[in-house]
Amino acid sequence: MLIEHLVGKRIADAPKDAQTPGHRLLLRGGYIRQVGQGIYTLLPLAHRVCQRVEAIIREEMNRVGGQELLMPVVSPAELWEESGRYQTVGSEMLRFTDRNDHPCVLNMTHEEVIVDAVRANIDSYRQFPFLVYQIQTKFRDEPRSRGGLIRVREFTMKDGYSFHRTDECLDKTYHEVHKAYTRIFKRVGLRRFIDIESDTGMMGGSVAHEFMLVSDVGEDTLVLCSACDYRANREVARSKRVYESSEAMQPLTNVETPGQKTIDEVTTFLKSDARHACKAVAFMAGEKPVVAFVRGDFDVNLAKLKRALRTGDVRPMEDSEFASFGSVAGFVGPLGVDTAKVTLLFDESVAQSPNLIIGANAVDLHTTGFNFTRDLPAGTPVHDLTDVNEGDPCPCCGKPLSLERGIEIGNIFQLGKKYTAAMRFEYSEEDGSLAIPTMGCYGIGVGRTMASVVEESNDKYGPIWPISIAPFQVQVCCLGASKDPSIADVGRKVYDDLRAAGIETLFDARAVGAGFMFADADLIGAPLRVIVSPRNQKKGVAELKYRVVEPPADLPAEAPLDNLIPALQEILARLAAPFAAS
RNA sequence: CGGGGUGUGGCGCAGUUGGCUAGCGCGCGCGCUUCGGGAGCGCGAGGGCGCGGGUUCGAGUCCCGCCACCCCGACCA
């Protein structure tokens, strides 16, 4: 490829909209073009990178027995009605009608479609287990996209699905895919990625892990133990908090708190502290009011709340809705509300802490001396509703937990029989009985993986691509070709020889300054740069530059022109070795 | 969906209280000089200012409505 023909212009100033370093570089390098909110064209450079990512994914999925297939983007609404998700999934799924007024959806994930495909094609226990996957376009009408390719509405995803007769068999495949994912992310050159326990959300199922790249630009919060292997998404993370309770119980006492609503205001006013306050956070779960009580120094975690309520349909309560269960915004407390009309959920921190300040469900009134065990009926359930915080004790070893940000690059779920049962996927067991298989699903975002590599591996000049996914392996920079035809000839021969050897090469012999040429090369990020110039030609060599993370110290700085290709092949092999299939 | 912000050549921006042929830098084309880390000079092409209505002798500039995009939050396999 001649650089002047490459579609995708390199620019010095990034558009102001770009927020993250990686997004800025992808725009500056001419990798992507925004079409709409969360919608991008992958220009040739980005598409080359993604194709290489996909090739690695295919290799590793095939290695664990995956069969590639391809499902449609559009499907009739009936399939989603069969699983029940046509109702439960919100407006992130794009729905429309075709010319015959038939309801359709853009599939945002493919459990329904794959179950439909395999239930018609699998009849016998002899055919289990099996793993299928596709690399295909997904559209999700996210309320908000951000960070360039980190969070988009349309994207390419590898999604895989496995089917099994038994939970043990699912577990085995799950772990094989887990290992395959680890190999994939290593081979695309990610370094700080980890797997963590995760929420199952709308997917259902029991066991789930996410693969996360630890990164400041990530959207998720990761909880990591400083001492042991414990690591989890904050949505599911636990901690072993210790609650001291040496205080004697005080009697319940009403106190006037004119205009004092927030934890801060109330505790300052009463000369107390947040550890002695009971925070009430009110939501609507569908039509039903819900109040979550946590200690004043903790925050409610919405994902945990949703699991406790067994629903995803939760929104903050409006001030006008508090009267429906006999309370008032700012002064909500657990005593004296109409429990037939409101669901009260208590966090462990409230159950374990003595003498809390609670709202009295009346304007400008609080109550002190609340004690969970004394003041509520025996057997009132206790939940884990709070965010884990920096420094909380690890649930496994008790050492302090730390928080990091992370980009979710892949996830794996054990779904169980949620979809196979709802959609009546039955097969004949060995004894002639009909059985329903259990299922796993496995996703990787291709574009997000590319974007994550840029976020992790870059400098101020551009992306530093691992050779395994770089858009070009070699870039030939031919300096002074416009002045000296013999230099142009040498450069051209190097380029032709590289191509003949099957090496993906970008050739730059434009009549531009060296600085300009090198700046472009940095943005394109070929790991090996071959510089042909009058200076080098006099020495009979081509100069070599490496754009890689931690280059081996003993790589040569030049190679003789008369035996160039074998020398370059050897260098490329060395650079590629760390990313090879293992 | 709530809050905030921005829309002026491909990109980044400037356009005083409405006023004359809408500017600047980068990029692009041509020429000359340069030529190892985003060169210099000269000439030139390219927009009618997000869209639709108003007000006015006159509207990027004022008014009304809408749209798009960005950020924060809500939301999110």
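Quick notes on the rules
Residues numbered from 1 in each chain as written. Chains lettered and ligands numbered in written order. Predicted model: local features only at pLDDT ≥ 70, side-chain atom pairs only at ≥ 80, totals over all residues. Heavy atoms only, no water. Domains from an automatic or database assignment. Buried < 20%, exposed > 50% of the residue type's maximum accessible area, 1.4 Å probe, protein only. Helix = DSSP H or I, 4+ residues; strand = E, 2+ residues; numbered from the N terminus. Pairing = 2+ DSSP bridges. Expected span 1.5 Å × (residues − 1). Arc of directions from axis to C-beta. Contact = heavy atoms within 4.5 Å. Patch = residues over 30% accessible without salt bridge, like charges linked within 9 Å, V, L, I, M, F, W, Y side chains within 5 Å. Areas by Shrake-Rupley, 256 points an atom, 1.4 Å probe, with all protein chains shown as cover. Salt bridge = Lys/Arg side-chain N within 4 Å of Asp/Glu carboxyl O. Near = heavy atom within 4 Å. Polar contact = N/O pair within 3.5 Å; in protein donor to acceptor, adjacent residues only side chain to side chain. Core = buried A, V, L, I, M, F, W, Y, C linked by side-chain atoms within 4.5 Å. Axes fitted to C-alpha atoms, helices over the stretch in contact; angles between N-to-C directions. Parallel < 35°, antiparallel > 145°, perpendicular 65-115°, else oblique. Nonpolar A, V, L, I, M, F, W, Y, C, P; charged D, E, K, R; others polar.

> Help me understand the domain arrangement of chain A in this model?
When the parts come together, some accessible area is lost, and that loss is often what is quoted as the size of the interface. Taken domain by domain, chain A holds domain 1 (48-70 + 108-237 + 403-455), domain 2 (253-375) and domain 3 (472-579). Once you take the C-alpha centre of each, domain 2 and domain 3 turn out to be 67 Å apart.

> Whenever I open this one, the pairing of strand β8 (residues 154-164) confuses me. Can you help?
Residues in a regular strand point their side chains to alternate faces of the sheet. A large share of β8 lies buried, amounting to nine of its 11 residues. The sheet contact formed by strand β7 (residues 130-139) and β8 spans 10 bridges and is antiparallel. Bridging from a neighbouring strand, F139 pairs with E154 of β8. Both β8 and strand β24 (residues 438-445) contribute to a ladder of eight bridges, which runs antiparallel. In the strand pairing of β24, D159 is matched with G443.

> In this structure, what is going on with helix α16 (residues 564-576)? I would like to understand it.
In an α-helix, one turn spans 3.6 residues, which is why side chains three or four residues apart end up on the same side. For α16, spanning 13 residues, the distance from its first C-alpha to its last is 18 Å, which sits close to the expected 18 Å at 1.5 Å a residue. For α16, the set of buried residues is L564, I565, L568, I571, L572 and L575. Angularly, the buried residues of α16 cover 125° about the axis, an arc narrow enough to put them on a single face. Where the residues of α16 are buried, they touch β27 (474-478), α13 (485-500), β29 (528-532), β30 (541-546) and β31 (558-560).

> Would you explain a nonpolar patch on the surface in this entry?
A cluster of nonpolar side chains, V73, V74 and F96, forms an exposed patch at the surface whose accessible area comes to about 200 Å². Mapped onto the elements, V73 comes out in the loop between β3 (66-68) and β4 (74-76).

> How should the protein's contact with RNA strand B be read in this particular structure?
Near RNA strand B you find 47 residues, and of these R140, R144, M157, L302 and S533 are the closest. Of what RNA strand B places within 4 Å of the protein, 50% of the atoms are sugar or phosphate. M108 is positioned with one of its backbone polar atoms (N or O) 3.5 Å from a base nitrogen of RNA strand B. Within the contact set of RNA strand B, a base nitrogen lies 3.1 Å away from a side-chain nitrogen or oxygen of D520.

> Is there a simple way to think about the side chain of K279 in this case?
Among the structural elements, K279 can be located in strand β14 (residues 278-285). Polar contacts involving the side chain of K279 include one to the side chain of D299, which spans 3.1 Å. Excluding anything up to four places from it in sequence, K279 contacts I263, A292, F293, V294, R295, G296, F298 and D299.

> I would appreciate a short explanation of the nonpolar core in the present structure.
It is characteristic of soluble globular proteins that their nonpolar side chains tend to be buried jointly. By size, the foremost hydrophobic cluster in this structure holds 56 residues, and its most contacted members are Y181, F185 and W465. Broken down by element, the residue count for this core peaks at eight residues, all from helix α2 (residues 44-63). Each of two domains, domain 1 (48-70 + 108-237 + 403-455) and domain 3 (472-579), supplies a minimum of three residues to this core. Ignoring anything within four residues of it in the chain, the contact list for W465 reads L26, Y31, V49, M450, V453, V454, A470, P471, I524, G525, P527 and R547. The next biggest cluster of nonpolar side chains, apart from the first, holds 30 residues, and it includes L79, Y86, V132 and M439.

> Hey, could you run me through the side chain of D195 in this one?
In this fold, D195 is placed in strand β9 (residues 193-197). Only 3.0 Å separates the side chain of D195 from the side chain of H178, close enough to count as a polar contact. Residues contacting D195, with those up to four places away along its chain left out, are H178, H209, E210, F211 and R231.

> Explanation requested: the environment of T262 in the structure shown.
Along the chain, the position of T262 falls in the loop between β13 (253-256) and α7 (263-269). In this structure T262 comes out as partly exposed when scored by relative accessible area, which is 39%. When the C-alpha atoms of T262 and R58 are compared, they prove to be 54 Å apart, with 204 residues separating the residues in sequence. Within the local environment of T262, its side chain forms a polar contact with the backbone nitrogen of E265, the two atoms lying 3.1 Å apart.

> How should the packing of helix α1 (residues 21-28) against helix α12 (residues 446-456) be read in this particular structure?
Helix packing for two helices is described by the angle between their axes and how far apart those axes are. In contact at an axis separation of 8 Å, α1 and α12 are set at 105° when each is read in the N-to-C sense. Here α1 is positioned roughly perpendicular relative to α12, judged by the angle of their axes. For the pair formed by α1 and α12, the contact residues are P21, G22, H23, L25 and L26 on the first element and A451, V454 and E455 on the second. Residue composition of the contact of α1 with α12, grouped by class: five nonpolar, two polar and one charged.

> Which parts of the structure should I look at to understand the sheet that holds strand β28 (residues 505-508)?
One key point about sheets: their strands pair by backbone hydrogen bonds, in either a parallel or an antiparallel sense. One open sheet holds the five strands; their spatial order is β28-β27-β29-β30-β31, and the pairing between them is mixed. One side of each edge strand has no neighbouring strand; the edge strands of this open sheet are β28 and β31. Geometrically, the sheet is characterised by an average inter-axis angle of 25° between neighbouring strands, direction not taken into account. The pairing of β27 with β29 spans five bridges and is classified as parallel. The partner of V476 across the bridge, within β29, is V530. Of the strands in this sheet, β27, β28 and β29 touch α13, which is tilted by about 170° from β27. Sheet contacts for α16: β27, β29, β30 and β31; angle to β30, the most-contacted strand, approximately 10°.

> What should I look at first to understand α1 in this one?
Summarising burial for α1: six of the eight residues are buried, a large majority. Every buried residue of α1 is accounted for by G22, H23, L25, L26, L27 and R28. In this structure, the buried side of α1 is in contact with β1 (32-36), β2 (39-42), α12, β25 (458-459), β26 (462-463) and α14 (514-524). Count one or two residues on from α1 and you reach G30, which has phi positive near 75°.

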